[in-house]
Amino acid sequence: MPRSQVRRDQFGGLLRTLRLERRLTQEELAEAAGSSVRGIREMERGRVRSPQRRTVVLLADALRLAGADRDRFVALARAERQPHDRAAVPDDRVAVPDDRLAVPDDRLAVPDDRAEVPHDRVPVLSHRAEVPHDRPAVVVPGELPAAVPDLAGRAGILEQLTALAADITAGRPDTASVVVLHGPPGIGKTSLAVAAGHRLSPAFAGGQLFVDLQGASPDGPVDPAEALAGLLRSLGVPDSRVPVSTAERGGLFRTLTRDRSLLVVLDNAATEAQIRPLLPAGRGCLALVTCRRPLTGLAGTVRLPLDLLAPTAGRLLLAAIVGADRIAAEPAAVDQLVKLCGRLPLAVRIAGNRLASRPQWSVGWLVDLLRDQRRRLTVLTAGDLGVRSAFEVSYRQLDPMTARVFRRASLIPGTDFEPALVAAVAGTGEETAAAALEELVEAGVLLTTGDRYQFHDLVRLYAQERLDAEEQQACRTGAHDQMVGWLLRRTRQAGLMFEPVACRVDSPFDDDRAAAYWLDRESGNWLAALRDAARSGRHADVVAVTRALHWYSDANSHRHSWNEIFSLGVAAAGAAGSPRDEAVLLSFLGWARYFCRDRNTDGLAALARALELARRIGDRREEAWALTYTAAILIRIGRGGPAIDHCRRAVSLFREIGYALGEHSAASALGGALAALGRFSEAAELHRDVLTFYVQGNGLSPTGAAVARAGAMMSLGADLAGMGRWRAAAAEYSRARRVFHRCGATFSEANAIHRYGLALQALGEVDAAAEALRSALALYAALSCPWWEAQTLSALAALAGSTPGRATDARLLRQRALDRCGELDAPEVRTLRATLLRELAES
């Protein structure tokens, strides 16, 4: 992760460092500590300089700090809190007593005999209760608009609101009386609030008030004083008795609502300041507020964010508008339609309205229209409803810098992004970008997950429209190229942190863990930038980045598409006329094909090219690496003899050039070749020497050294298993698993658990073996490793087959294993497939 501007000797910097070391997102830490994501973010940025002691203790617990580390963490927070406390002004010097601010009730309240409006002078509206002339008028407003008949996907929130209303009417203490329904434009806030109002109205005998505050109106929001005047009139106060000032109107409103059971819907709010004077005072009142912002400044409030519709809810909404039969006739097209609408209720409703008004259209026809991204927002318009216009209102309220960030962020290729990348594409500082992103979240046009941000699909299209309309082509191209260049530089810097002798000059990363964290989270962006650079002929950049990622790929073998990445590098090296780079990257490509994709034949072909090229240019180091990788494949396909020859030649070449790391890598492969021929004692001796070498580090990055050590443990475990020393083998596999887990090397972790399960199976510990194999299977499936899934399923089938009464389970497991073999074509796959078919025929 790039270094924050907050130093590590400050509390925020230390908090960020500790979180990254534990590979926690801000969202995960907030959940573990019972804090808010925004609070964590503000502390890390140094904006909160006086965290409460309880908060600090909970954070320390969540980070699992103990001993001196915990003491330092708590002390640093205390050291920053004390100056803040000394500088603070005591509450009793700042606060204004309530009795100086409040206007006495007897000055604001309108006596009953003055509030009454003679029936013959002011007509009683149809939604107000008519009262006899000889009694004071008790106005019971019923101002809710008609509810939409086809609300879908909001049952959960409606139940929450119903329960809250029940608590209010029951007089339960500490029940919140304000609910904010918030979310982006088009999410259905008003529809939900109105539907909820109608559902809850029986619980509020004093009536229901509704005010459209026009918070997203181009003409500006309604002034609180004006809104209060309307509310007072709805409660029966004549114009002549409505006070002049906002404070007096608010006081009178609170007086009139203090003893009433009233539901107030404040729709389309702008800010907290607009809302506060409009909140009723009675304990039997409930205020439902809708807003694009969460209105975090309102205290004692329940905030309910509205999510996008689930696919099922989207289908139900369409069926309610168009008709169930028409929707049922094209289920696949309906699913695609909901997806193209981004599951946004407004967009789905507009699509439904268009279909309803054109009975001759098929759903598939509308889907075809929406596939064109350039026309999608135009198609999603029906009458006075439009997705584009909903977004337009929010966009026009942005300040120029925030609007620029909004437009430029649409150039980012990945689904989510960090402030530093936005700063690069917008051409501004990171702090400015971060502030603009938070403003966009508040405005409801950007989503956030912890410390990352993303567009809704339709909002991204709108942002791209604004970019094309408001910025010249040269500016757009410059911003795009600036972003690609930044991503390529940052990716190369991150990859170099894993080099045996790390190049850390001017690196934005503290260590290889921080670099891995960034590479993992930004993979959608840096890989897209790499593809872009390859298409545009930036060959030197592509070669530099792909070479820098080699050692990182060792610890993250199945996390990224290394076959594609190193293929781009090979092509760029060839186009640049750099045979040495091409040889290097061909070896990396050979590794990716056999180790990551289980394509042994393709791997051998790439390595043969690497070997031929290295020999032609006289590069002994790359020749040795190509021999080592080739030997690894030969071991896999059962050709241990030729593998030994390749390894010995590689060891000799590495030794000649004095490259100890390469020599021990080749020696490890030699041990594997010896083990493949049953020479387990010789293999174990070699692997112990290799393990000792890696324990000493020898210039490797911390993660690289740890992964190499664990790899040597795995090899040693296989040697011990070959000698029948299953308990010792299980111990080595268990040690390796723990190391791989700490390093985030998920595939290698799965492989260690898999072998551990096989060792337990050999020891007769059936239940423990099955548990381990199931754990390995889950990891393989998450990484989509069909060959390894097939092997694990076959092992589980063998366990089930040896257990009385589980013959059916064994058969199902073998069938699943056969399915996972799929189209793979390698000797070992063919062997397993034949075994499975034979076992199925015999069962």
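Please refer to the structure higher up on the page.
*Asks:* Explain the overall build of the protein chain here, please?
*Replies:* Helix and strand content of the protein chain: 44 helices and nine strands. Each principal axis of the C-alpha distribution contributes one length, and for the protein chain these read about 110 × 70 × 65 Å. Counting over 843 residues, the protein chain shows a buried share of 52%. Excluding contacts between residues fewer than 6 apart, the proportion of contacts in the protein chain whose partners are at least 24 apart in sequence is 66%. Only carbon and sulfur atoms are counted for the fraction: they give 50% of the accessible area of the protein chain, which is about 37600 Å². Separation of charge centres in the protein chain, based on 106 positive and 100 negative side chains, amounts to 3 Å.

*Asks:* Sorry, what's going on with the packing of aromatic side chains here?
*Replies:* What characterises a pair of aromatic rings is the spacing of the ring centres plus the angle enclosed by the ring planes. The tally for this structure, following the rule as stated, stands at 24 aromatic pairs. Aromatic side chains Trp 625 and Tyr 629 sit 6.0 Å apart centroid to centroid with 25° between the ring planes, which places their arrangement in the stacked category. Here Trp 625 pairs with Tyr 629, and both are found in helix 34 (residues 620–636), just four residues apart, close to one helical turn. Judged by its relative accessible area of 10%, Trp 625 falls in the buried class. Residue Tyr 629 is classed as buried on the basis of its relative accessible area of 10%. Judged by centre distance (5.5 Å) and plane angle (65°), the ring pair of Phe 693 and Tyr 694 falls under edge-to-face. Both residues of the pair, Phe 693 and Tyr 694, belong to the buried class. By the ring-pair criterion, three or more aromatic residues cluster together here, those being Phe 391, Tyr 395, Phe 406, Phe 417, Phe 455 and Tyr 462. For Arg 358, the ring lying beneath its charged end belongs to Trp 361, and the centroid distance is 5.0 Å. For Arg 621, the ring lying beneath its charged end belongs to Tyr 659, and the centroid distance is 4.1 Å.

*Asks:* Looking at this model, I keep getting lost on helix 4 (residues 53–62). Mind explaining?
*Replies:* Think of an α-helix as 3.6 residues a turn; residues three or four steps apart then line up on the same face. All buried positions along helix 4 are accounted for by Val 56, Leu 59, Ala 60 and Ala 62. For helix 4, the buried positions fall inside an angular range of 160° around the axis, keeping them on one side. Seen from the buried face of helix 4, the exposed residues on the opposite side, beyond 90 degrees, are Arg 53 and Arg 54.

*Asks:* Explain the pattern of salt bridges to me, please; I cannot follow it from the model alone.
*Replies:* Close approach of charged atoms allows side chains with opposite charge to pair. Applying the stated criterion across every chain yields a total of 50 salt bridges. Across the salt bridge formed by Asp 416 and Arg 452, the nearest N and O atoms sit 3.3 Å from each other. Separated by 36 residues along the polypeptide, Asp 416 in the loop between helix 22 (400–409) and helix 23 (419–426) and Arg 452 in strand 9 (residues 452–454) bring together distant segments of the chain. Here Arg 649 ties to Glu 623 by a salt bridge, and the two come within 4.0 Å at their closest N and O atoms. In this pair, Arg 649 is assigned in helix 35 (residues 640–656) and Glu 623 in helix 34, connecting sequence segments 26 residues apart. By relative accessible area, which is 8% here, Glu 623 ends up buried. Each member of the salt-bridge network shares a partner with another, and the members are Glu 392, Arg 396, Arg 407, Arg 408, Arg 466, Glu 470 and Glu 471.

*Asks:* Explanation requested: the nonpolar core in the structure shown.
*Replies:* A general trend in soluble globular proteins is that nonpolar side chains are found buried together. By size, the foremost hydrophobic cluster in this structure holds 178 residues, and its most contacted members are Leu 337, Phe 406 and Phe 417. With eleven residues, the single largest contributor to this core is helix 38 (residues 702–722). Ignoring sequence-local partners within four residues, the contact set of Phe 417 consists of Ala 409, Ile 412, Val 422, Leu 437, Leu 446, Arg 452, Tyr 453, Gln 454, Phe 455, Glu 522 and Asn 525. The next biggest cluster of nonpolar side chains, apart from the first, holds 33 residues, and it includes Leu 796, Leu 799, Val 829 and Leu 832.

*Asks:* How should I be thinking about the pairing of strand 4 (residues 286–291) in this particular structure?
*Replies:* Regular strands place side chains that alternate from one sheet face to the opposite one. Counting buried positions over the six residues of strand 4 gives six, a clear majority of the element. Residue alternation in strand 4 divides its side chains into two sets, Leu 286, Leu 288 and Thr 290 and Ala 287, Val 289 and Cys 291, and both sets are buried. Two strands pair when backbone bridges link them, and strand 1 (residues 178–182) and strand 4 are joined in this way by five bridges, in the parallel orientation. In the strand pairing of strand 4, Val 178 is matched with Ala 287.

*Asks:* Please explain the sheet that holds strand 5 (residues 301–305) as it appears in this structure.
*Replies:* Within a sheet, neighbouring strands are paired by backbone hydrogen bonds and run either parallel or antiparallel to one another. One open sheet holds the five strands; their spatial order is 2-3-4-1-5, and the pairing between them is parallel. The sheet terminates laterally at strand 2 (208–212) and strand 5, the two strands that pair on one side only. On average, each strand axis in the sheet is tilted by 15° relative to the strand beside it, whichever way the strands run. Pairing geometry for strand 1 and strand 5, over five bridges, is parallel. Each bridged residue has a counterpart across the sheet, and for Val 180 the counterpart in strand 5 is Arg 303.

Here is what the cut-offs are and how they apply
- Residues numbered from 1 in each chain as written.
- Predicted model: local features only at pLDDT ≥ 70, side-chain atom pairs only at ≥ 80, totals over all residues.
- Heavy atoms only, no water.
- Helix = DSSP H or I, 4+ residues; strand = E, 2+ residues; numbered from the N terminus.
- Buried < 20%, exposed > 50% of the residue type's maximum accessible area, 1.4 Å probe, protein only.
- Contact = heavy atoms within 4.5 Å.
- Areas by Shrake-Rupley, 256 points an atom, 1.4 Å probe, with all protein chains shown as cover.
- Lys, Arg positive; Asp, Glu negative; His and termini not counted.
- Charge placed at Lys NZ, Arg CZ, Asp CG, Glu CD.
- Phe/Tyr/Trp six-rings, centres within 6.5 Å; stacked < 30°, edge-to-face > 60°.
- Lys NZ or Arg CZ within 6 Å of the ring centre and 35° of its normal.
- Arc of directions from axis to C-beta.
- Salt bridge = Lys/Arg side-chain N within 4 Å of Asp/Glu carboxyl O.
- Core = buried A, V, L, I, M, F, W, Y, C linked by side-chain atoms within 4.5 Å.
- Pairing = 2+ DSSP bridges.
- Axes fitted to C-alpha atoms, helices over the stretch in contact; angles between N-to-C directions.

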